[in-house]
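In case you want the letters, here they are:
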Amino acid sequence: MLTATPTIPHRPLTATPLILLLIVGCLLAISVLLSKVAAGLQAPMLTYLALAMGGSGLILTLMTRGIRVGQSGFIHLLFYSLGAGALMALGSALGYLTVHKVGAAFIALALAFPPMLTWLLSLVLRIERFDLLRVSGLLIGLGGGVLLAVNKGIGAPSDTGAILVASAMPVVLAAGNVFRTRFWPKGASPRELAGAMLICGGVLTLPFGLYLEGSAGLATVLHAPMLLILIIAITTFVAQYAAMFRLQQIAGPVYLSQIGSVAAIVGSPIAVIALGEKLPDGFVLTALLIGLGLAMFQYRAAKPRSDIGNST
């Protein structure tokens, strides 16, 4: 008697945590480079950020034909979207507003810390369990990020206020990573939540942009050549945040937080090719440390996050 051979469900390559991590990290690097280009064009950075978030959120929402309330209800969805949007917008704004004072090297150093802060917050909230190998991988990757920032030449900025503001960025980003997992509305899909978060982030940021930068700032962003940069940024955000939410759903906040290390190691060569920048000294060693850290972390297979949503 013949028996049917059980079939193994095919898992798309882009649904694996490692591939999603690389995709999101690369897109993050591109968005950072775009912000540098925008700043070089004297763009009003808060207005630019608000329009990029709001525009990409609207596109994602249209792609999913709206946002379903899901099993958690409207109030939970609204709370999630406003909270996640505020934390994402604030974390991004802290970097956008201080990079010209503290320097890109200082910002790069700050972005190396969210993995450890996210892991610590996740441990406190019992979202993640202690794993020595993963912690070692995160520490090695963090060491690579610190080395990269140091080799870029961290100066001694005289603006103490700007230093304090920039130093708060990794704390806000880590809080956002944990918040999105802890309060993920049951039954909601990653794309729907990404769209809702981006729309809320844009809506919350725009009034500050208009108040601090004036209506002339809005006109500046909507005219060439800034309009072209904005369109590219919106396109990048759509892909970046759709992939990011899917990654967080299947792999958790600590795994997601590694995108900063990937963005740092990918963004530097792109900056050399596209913007004519010089690679920092010790770049090869930095890349090896970050790569080793990622490999050690990857050794532990990502645990499916079935507890934060069952929609794809």
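What you see is a predicted model; the values in this text were computed from it and never measured.

(A) Quick look at the nonpolar core. Judged by nonpolar contacts, the single largest core of 62 residues is most densely connected at Y48, Y241, F245 and L247. In terms of residue count, the dominant contributor to this core is helix α10 (residues 226-251) (15 residues). In this structure L247 touches P17, L20, L21, G252, Y255, L256 and I259, once residues within four positions along its chain are discounted. The next biggest cluster of nonpolar side chains, apart from the first, holds 9 residues, and it includes L94, I107, A166 and M169.

(B) Layout of empty space enclosed by the protein. Under the counting rule described, the total for this entry stands at 2 cavities of 30 Å³ or more. The computed volume of the largest cavity comes to approximately 90 Å³. Lining the largest cavity are 12 residues; nearest its centre among them are G137, L138, G141, Q258 and S261. Every element with two or more residues in the lining of the largest cavity is listed here: α6 (132-153) and α13 (283-299). Looking at side-chain class alone, the lining of the largest cavity contains 7 nonpolar, 5 polar and no charged residues. Around the second largest cavity sit W119, E128, R129, D131, R134, V254 and F297, which together line it. Residue composition of the lining of the second largest cavity, grouped by class: 3 nonpolar, no polar and 4 charged.

(C) Quick peek at a nonpolar patch on the surface. A cluster of nonpolar side chains, F74, I75, L78, L82 and L204, forms an exposed patch at the surface whose accessible area comes to about 460 Å². When residues in the nonpolar patch are grouped by element, the largest group, 4 residues, is from helix α3 (residues 74-102). With respect to the helices and strands, L204 occurs in helix α9 (residues 190-221). With relative accessibility at 33%, the residue L204 sits in the partly exposed group.

The rules we used
- Residues numbered from 1 in each chain as written.
- Predicted model: local features only at pLDDT ≥ 70, side-chain atom pairs only at ≥ 80, totals over all residues.
- Heavy atoms only, no water.
- Core = buried A, V, L, I, M, F, W, Y, C linked by side-chain atoms within 4.5 Å.
- Buried < 20%, exposed > 50% of the residue type's maximum accessible area, 1.4 Å probe, protein only.
- Helix = DSSP H or I, 4+ residues; strand = E, 2+ residues; numbered from the N terminus.
- Contact = heavy atoms within 4.5 Å.
- 1 Å grid on protein atoms, 1.4 Å probe; cavity = no way out; pocket = protein on both sides within 12 Å on 5 of 7 lines; lining within 4 Å.
- Points joined across faces, edges and corners; volume = space filled by probe spheres on them.
- Nonpolar A, V, L, I, M, F, W, Y, C, P; charged D, E, K, R; others polar.
- Patch = residues over 30% accessible without salt bridge, like charges linked within 9 Å, V, L, I, M, F, W, Y side chains within 5 Å.
- Areas by Shrake-Rupley, 256 points an atom, 1.4 Å probe, with all protein chains shown as cover.
- Salt bridge = Lys/Arg side-chain N within 4 Å of Asp/Glu carboxyl O.

Note that every value here comes from positions in space, so none of it alone points to a role or purpose.
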